[in-house]
Amino acid sequence: MPVTTNTPTSPTEKTTEGWPFWSVLVVDDELGMRNFLVKTLVPRCQSVSSASSAEEAAALLRSHHVDLIILDISLPGQDGVSWLKELRDQGFSGEVILITAFADLDTAIEALRAGASDFILKPFRVPQILNAVKHCHERSRLSRENYVLKHTLSGGKSVNHQLIGHSPVMNALMNTVHRVAAVNSTVLLQGESGTGKELVARALHDLSPRAQGPFVPVNCASMSPELIESELFGHAKGAFTGATKARDGLFYYAQGGTLFLDEVAELPLPLQATLLRTLEDLKIRPVGSEQLLPVNVRIIAATNRSLKEEVAAGRFRKDLYYRLQVVEITLPPLREHKEDIPDLVQHFIAQLSPVLGVAPLAISATELDYLLQYDWPGNARELHNLIERSLILGALNVSALYSVGGRGSTSAESTAAATELATTDLHTLEKQHIRTVLDSVQGDKTQAAQLLGISRRTLERRCAEWALS
Ligand SMILES: Nc1ncnc2c1ncn2[C@@H]1O[C@H](COP(=O)(O)OP(=O)(O)OP(=O)(O)O)[C@@H](O)[C@H]1O
Ligand SMILES: [Mg+2]
């Protein structure tokens, strides 16, 4: 009979030699060996299961998620190496340590070819097996980290998560961030586009007891509704056309860390139900699988819409809204803390000039005055992008602010500019602006998209619409 032993681990628990989010399956027909391995691993892992044959192990894998299998080669029925080949074929991506009492070089080579991470000879001592498990854990951690880095957009730039601002609203925000980071509750970040929601999400993670774990951002708006469920929860082999192998989802990659659900209002309604169930049960089920995987992930959600209004309009589930807004943080628009503009300008110049490889820019008092008068409908991102553009062009181009059609500008200048703008339609202005930015970076779309604060995909769509490229 397959047996599972769970060791409850608290999310904040820190162990120096343990692997708190690690579940192991021991497959060996010798009861003594199974007991020995289970006893050794239980204090260090989230769960340890055991099986005495490949068939039993396969049955257990259908309902349990496993990160590491310690697998004996000679088993009654199907042998360990051939079962491992089958597992890898199905897309099992966990680690596997093969153990055997009868080894020759050929077996070892075959084992590694079949997809084993390590190979150990019986009899072995406790430190030997613990070392092997530790190496597997480290490898798995690195490959998850790698995956997250590859699949999330930080534009390859080193990101500075420092929140700038000394105004009363920013001080209050930072106090809240410090207090909320320490607890494990779900957080809902609301605020206009460009107010720093992602920055706050990262700060919450970096200041939390999970800081050593992964921070996995997911943009709910950028994934297709058909794929979003399998992106989040993973899928089994054959779950849908094209699912030739099993795959882990982003919840799995965020294990022990923080999952940042950006633009959460864009989640399709059926998926909102699945997410709610996940938050309540703390378990996920990959698409097309019977496997239930316990997850230990902190959720931070963000939206630039009012979720309350989305609920009222029937586009967002009320129960999910209440579940997400255990702690709600609303980020102030930049026009409500203009006194932070000088600090932000200096911060962006210091941050961007080394990245761009250009000299820092000196801002005159008159120029700063212009920046203070403007209403920043695109908030800190708009300021960030203006500074980036100015650094590239070698001068602060304040007039650009009033020629892009900034909505919500109330100062005298912008009213005048708005009157002037009214004679040109918005699409033409947008096109002109995109063309100017593209020219300034010699047509580099990735850089242009970053400067414009839109995704490369959106930029390409626009260019295709106007046949600009
Ligand atoms: N207080 C701040 N200090 C320093 N940088 C900031 C601050 N607020 C915003 N930024 C910068 O402004 C840019 C936009 O911030 P961010 O991406 O976090 O906005 P957002 O609220 O997530 O916007 P959206 O809703 O469009 O996704 C980033 O480059 C970020 O580093
Ligand atoms: Mg964002």
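Refer to the structure printed above.
I will try to describe carefully the structure that is included in this document.

Calculation rules
Residues numbered from 1 in each chain as written. Chains lettered and ligands numbered in written order. Predicted model: local features only at pLDDT ≥ 70, side-chain atom pairs only at ≥ 80, totals over all residues. Helix = DSSP H or I, 4+ residues; strand = E, 2+ residues; numbered from the N terminus. Buried ≥ 20, exposed ≤ 12 C-beta atoms within 10 Å, placed from the backbone. Contact = placed C-beta atoms within 7 Å. Axes fitted to C-alpha atoms, helices over the stretch in contact; angles between N-to-C directions. Parallel < 35°, antiparallel > 145°, perpendicular 65-115°, else oblique. Nonpolar A, V, L, I, M, F, W, Y, C, P; charged D, E, K, R; others polar. Core = buried A, V, L, I, M, F, W, Y, C linked by C-beta atoms within 7 Å. Near = placed C-beta within 6 Å. Left-handed = near helix turned anticlockwise from the far one by under 90°. Pairing = 2+ DSSP bridges. Expected span 1.5 Å × (residues − 1).

A few words now on the overall build of the protein chain. Looking only at helices and strands, the protein chain features 19 helices and 13 strands. Here the protein chain holds 469 residues, and the buried ones make up 37% of them. In the protein chain, the share of contacts with a sequence separation of at least 24, taken over all contacts with a separation of at least 6, comes to 71%.

Moving on: the packing of helix α18 (residues 445-452) against helix α19 (residues 456-466). Remark: α18 packs on α19, axes separated minimally by 9 Å, with the N-to-C direction vectors making an angle of 105°. Relative to α19, α18 is oriented roughly perpendicular. Contact residues: α18 offers K445, T446, A448, A449 and L452, while α19 offers R456, L459 and E460. When its residues are assigned to classes, the contact of α18 with α19 shows 4 nonpolar, 1 polar and 3 charged.

What follows concerns the nonpolar core. Counting residues in each nonpolar core, the largest one holds 46 residues, and the members touching the most others are L189, F251, L259 and I300. Broken down by element, this core gets its largest block of residues, 5 residues, from helix α7 (residues 197-206). When sequence neighbours within four positions are dropped, the list of residues in contact with L189 reads K197, V200, A201, I300, A302, I329 and L331. The next biggest cluster of nonpolar side chains, apart from the first, holds 36 residues, and it includes I73, V96, A111 and C136.

This part takes up the site of ligand 1. Inspection of the region around ligand 1 gives 16 residues, with S193, G196, K197, E198 and A380 positioned closest. Looking at the shell around ligand 1, the elements with two or more residues in it are α7 and α15 (379-393). Broken down by class, the residue content of the shell around ligand 1 amounts to 4 nonpolar, 9 polar and 3 charged.

A few words now on α18. Those residues of α18 not exposed but buried are A448, A449, Q450, L451 and L452. Once α18 finishes, G453 follows within two positions and takes phi at roughly 75°, a positive value.

Packing of helix α13 (residues 341-356) against α15 leaves a shortest axis separation of 9 Å and a crossing angle of 45°. With respect to each other, α13 and α15 are oriented oblique. In this structure, α13 meets α15 at a crossing whose hand is right-handed. Contacts between α13 and α15 involve L344, V345, F348, I349, L352, S353 and L356 on the former and, on the latter, A380, L383, H384, I387, E388, L391 and I392. Looking at the contact of α13 with α15, its residues break down into 11 nonpolar, 2 polar and 1 charged.

This brings us to the pairing of strand β6 (residues 118-121). Where strand β5 (residues 95-100) and β6 come together, 4 bridges link them in parallel fashion. Bridge assignment links L98 to a residue of β6, and that residue is F119.

This part is about the environment of V26. With respect to the helices, strands and loops of the structure, V26 is situated in strand β2 (residues 19-27). C-alpha of V26 to C-alpha of S49: the two residues are 23 residues apart in sequence and 6.2 Å apart in space. Aside from chain neighbours lying at most four places away, what touches V26 is R34, L37, V38, V48, S50 and I70.

With 15 residues, α15 should reach 21 Å at 1.5 Å per residue; the first-to-last C-alpha distance of 21 Å fits that figure. Among the residues of α15, those classed as buried are N379, A380, E382, L383, H384, L386, I387, E388, S390 and L391. Elements in contact with the buried residues of α15: α13 and α18. Backbone geometry just downstream of α15 places G394 in the positive-phi region, at approximately 85°.

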